[in-house]
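One-letter residues, chain by chain:
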Amino acid sequence: MTASDPLLQPFTLKHLTLKNRVVSTAHEPAYTDGRMPGDRYLRYQAEKAKGGIGLTMFGGSCTVSADSPAAFGNIDASTDEVVKFYADLSDTMHKHGAAIMNQITHLGRRTSWSTEHWLPIVSPSTVREMAHRMFPKVAEKEDIDRIAKDFGQAALRSKLGGLDGLEVESYGHLFDAFASPLTNKRQDEYGGSLENRLRFGMQVLEEIRKAVGDDYIVGLRISIDERLRGGIDKTEGFEIVRRFVETGMVDFLSVIVGSVDSDETLSHVIPVMGTPAAPNLAVVGEVKQAFDLPVMHAAKIADVATARHAIESGAMDLVGMTRAHMTDPHIVAKLMRGEEERIRPCVGAGYCIDNIYISGAAYCIHNPATGREKTVPQLVPPSQGPAKKAVVVGAGPAGLEAARVLALRGHTVVLFEAAERAGGQVVIAAKAPRRRDLIGIVDWLTAEAERAGVEIRYNTYAEQAEIAAENPDLVIIATGGLPNTAFLEEGEDLVVTSWDVLSGQVAPADTVLMYDENGRQQGPSAAEFMAEAGSTVHFVTPDRMVGPDIGVTNNPSILKGFYDHGIKVSTDHRLLGVKRDGNKLIASLYNIFTHQISEQSADQVVTEYATVAADDVYFEVKNRSKNNGQTDIDAIKENRPQESVTNPNGDYFLFRVGDAVNARDIHAAIFDSRRLCQHL
């Protein structure tokens, strides 16, 4: 199978032979240090090379000029300082047999002037970009000439750093802003006709070729169809590509479909869970047929079967599995070993990209090692000490990860789960159609825990007696949380929760007031679920918007669902209490700005106020532990084992993880378990 697998066949790109067809396309995880790709960046990229990838690309995007300040941790390619970092990256990748390239750009209007040097940002015309809400300066001829030369110098630094090639970004940034009639309203030689609108792009490519020569690999990552009213359509997109290709200055095409000028358009360029796999294969295939150049593409090609089809169908030569490699950087190595079923699945949650804007860096929703390779290795190291007997209570994501890691460390693990299946809250979350792919997290963790030798005992509510019967050395409490309704002043017994509705325990009523004070996906998912079932839903939140902690790739699909189903939204209102009035419920709503209280009638009130820790078992057994159940925070910070003994007469070490501590999210729960258990 591996010998004939189309993904594992070599491919020649100009003079460069890639050992397989699998690519991680250019992206920016915001792992830079002082805008340079330092140790963290290198470790992240190196893991993919160790995992067998053919080509990894980085820098989404490396900026070429001082008036292109970082928008999300971009590498600064405008200074010679970057060359030594490129050299470290290229040397490391090449040692593992992987090729490496970067992406260069001028961000144009897709950044902010109020950072770094506080320089005006530039664009062909003063057209506001919705994502960053900036009004750019109109680029003068002197700006155009300067920036084109900056592209050339940035390209030269890529070559001097030993990179195998580069690509220029042509979607949403300055290069294509000149090409698009939406952003180019000029009346000079750089505006109007297509020839004029492409003049800047041609000038940039000429400067790049003057700097690096004809032999160096240079590609374009270009949108073939902006899919925006008044923008570049497919017909003009193909003509633009034809003109660039005919210059002979372009060696490959990385095809994009769509635009990134707003959160809504970005959500289609980077599709999230609940959307079809590989939505752009047909269009990309047309590009491949039209031009005699190597073509690559990445857009929700998350699994090997889809990637294999993308190559076999002839739609592309190189398949981008970018987010998939954030989830599992060893995809190719597992394929080569015949372990396709062991690949950790990308579930398309968008957690990686969304967290760049929330926590400042990209993290995979269920692989806590990505971006933390220095302290959390991708492969769990075996224990150097004696094997222990471990008991884990609760088979949600935190408990499954704890059990998996402890078993891989060489310990004997029993995992107790009160329900008939594993998964905890993830099983409930996945009931919402848009979030159904989350169940892949549970499926993978369960299979890997079992493979590692974990004994899972379902339908078992473990308490002190069951734990003590195992004579454990180590106990992990991962019992999760339960819906919190205690925030209400009255009527706690009259409301139901988003869990009740999504799990099917309670049917949605005709008219529903959905109250959300969590601000994440749980409340909006429940509202959409009920609206799809036929309910008239009024969504109420004290926050300033729906889901303020939902990221930029997920928020658009939620808002579209609200519009599609006619869900009424009231922000800035807090639910105080609920009382009964005949067959109706009356909700008291407090306006946090006017301080007025109003009443809203509904057949049903559904609440989402996160969870409270299900910690009964923890407190029941706490006094029997050697460490009084306490996690040594200094040891966590310093990445060392938990060795603090505060109760010498205790029977075992005890820790709790995930929502059994407090309400957080899937990634936090898994990360809790991984960084703790990798040292136990």
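Residues numbered from 1 in each chain as written. Predicted model: local features only at pLDDT ≥ 70, side-chain atom pairs only at ≥ 80, totals over all residues. Heavy atoms only, no water.

Remarks on the sheet that holds strand β18 (residues 496-497)
Judged by pairing direction, the sheet is parallel, and its five strands sit side by side in the order β18-β25-β19-β20-β21 without closing on themselves. Each having just a single partner strand, β18 and β21 (568-570) make up the two edges of the open sheet. The strands touched by helix α19 (residues 522-532) within the sheet are β19 (511-516), β20 (536-540) and β25 (604-608), with β19 carrying the most contacts at an inclination of about 170 degrees. (Pairing = 2+ DSSP bridges. Helix = DSSP H or I, 4+ residues; strand = E, 2+ residues; numbered from the N terminus. Contact = heavy atoms within 4.5 Å. Axes fitted to C-alpha atoms, helices over the stretch in contact; angles between N-to-C directions.)

Side note on the sheet that holds strand β14 (residues 412-416)
Strand order across the open sheet formed by five strands is β15-β14-β13-β16-β27, with parallel pairing between neighbours. Across the chains shown, the open sheet's two edge strands, defined by having one partner strand only, are β15 (455-457) and β27 (653-656). Neighbour-to-neighbour, the strand axes of this sheet turn through a mean angle of 15 degrees, independent of strand direction. One ladder, built from five bridges, connects strand β13 (residues 389-393) with β14; its direction is parallel. By the bridge assignment for β14, valine 391 is matched with valine 414. Against the sheet, helix α14 (residues 397-408) touches β13, β14 and β16 (474-477), its axis set at about 165 degrees to β14.

A few points about the pattern of salt bridges
A complete count under the given rule lists 45 salt bridges for this structure. With a closest N to O distance of 4.0 Å, lysine 300 and aspartate 437 form a salt bridge. One end of the pair, lysine 300, is in the loop between β11 (295-297) and α10 (304-312); the other, aspartate 437, is in the loop between α15 (425-429) and α16 (439-451), with 137 residues separating them in the sequence. Relative accessible area serves as the criterion here: at 26%, aspartate 437 is assigned to the partly exposed category. Where glutamate 470 meets lysine 389, a salt bridge forms, and the shortest distance between an N and an O atom there is 3.0 Å. One end of the pair, glutamate 470, is in the loop between α17 (464-469) and β16; the other, lysine 389, is in strand β13, and 81 residues separate them in sequence. An identical accessibility class is assigned to glutamate 470 and lysine 389; each is buried. Residues joined by salt bridges that share partners form a network here, namely Asp67, Lys137, Glu140, Asp143, Arg146 and Asp150. (Salt bridge = Lys/Arg side-chain N within 4 Å of Asp/Glu carboxyl O. Buried < 20%, exposed > 50% of the residue type's maximum accessible area, 1.4 Å probe, protein only.)

Topic: the nonpolar core
The biggest cluster of nonpolar side chains holds 143 residues, and the ones touching the most others in it are Ile104, Phe244, Leu253, Met316, Leu438 and Ile476. Considering every element that reaches this core, the biggest residue donor is α14, with seven residues. Formed jointly, this core draws a minimum of three residues from each of two domains, domain 1 (6-344) and domain 2 (389-480 + 614-678). Those residues in contact with isoleucine 104 that sit more than four places away from it in its chain are Ser61, Cys62, Val64, Phe151, Ala154, Ala155, Ser158, Leu166, Glu167, Val168, Glu169 and Ile208. (Core = buried A, V, L, I, M, F, W, Y, C linked by side-chain atoms within 4.5 Å. Domains from an automatic or database assignment.)

Comments concerning unusual backbone geometry
The residue after glycine 60, namely serine 61, is reached through a cis peptide bond having omega 15 degrees. Backbone geometry places arginine 35, a non-glycine residue, at a positive phi of 65 degrees. The residue arginine 35 is located in the loop between β3 (22-24) and α1 (39-50) in this model. The buried category is assigned to arginine 35, whose relative accessible area is 14%. Of note, the phi angle at alanine 610 is positive, near 60 degrees, even though the residue is not glycine. Its place among the elements puts alanine 610 in the loop between β25 and β26 (611-613).

So, the packing of aromatic side chains
Where two aromatic rings form a pair, the distance of their centres and the angle of their planes describe that pair. All chains considered together, the criterion is met by 12 aromatic pairs. Centre to centre, the rings of tyrosine 31 and tyrosine 44 are 5.1 Å apart; their planes meet at 85 degrees, and the pair counts as edge-to-face. With tyrosine 31 in the loop between β3 and α1 and tyrosine 44 in helix α1, the pair connects residues that are 13 residues apart, well separated along the chain. Residues tyrosine 31 and tyrosine 44 agree in their burial class; the two are buried. The residue whose ring lies beneath arginine 675 is phenylalanine 671, and the NZ or CZ to ring-centre distance is 4.3 Å. (Phe/Tyr/Trp six-rings, centres within 6.5 Å; stacked < 30°, edge-to-face > 60°. Lys NZ or Arg CZ within 6 Å of the ring centre and 35° of its normal.)

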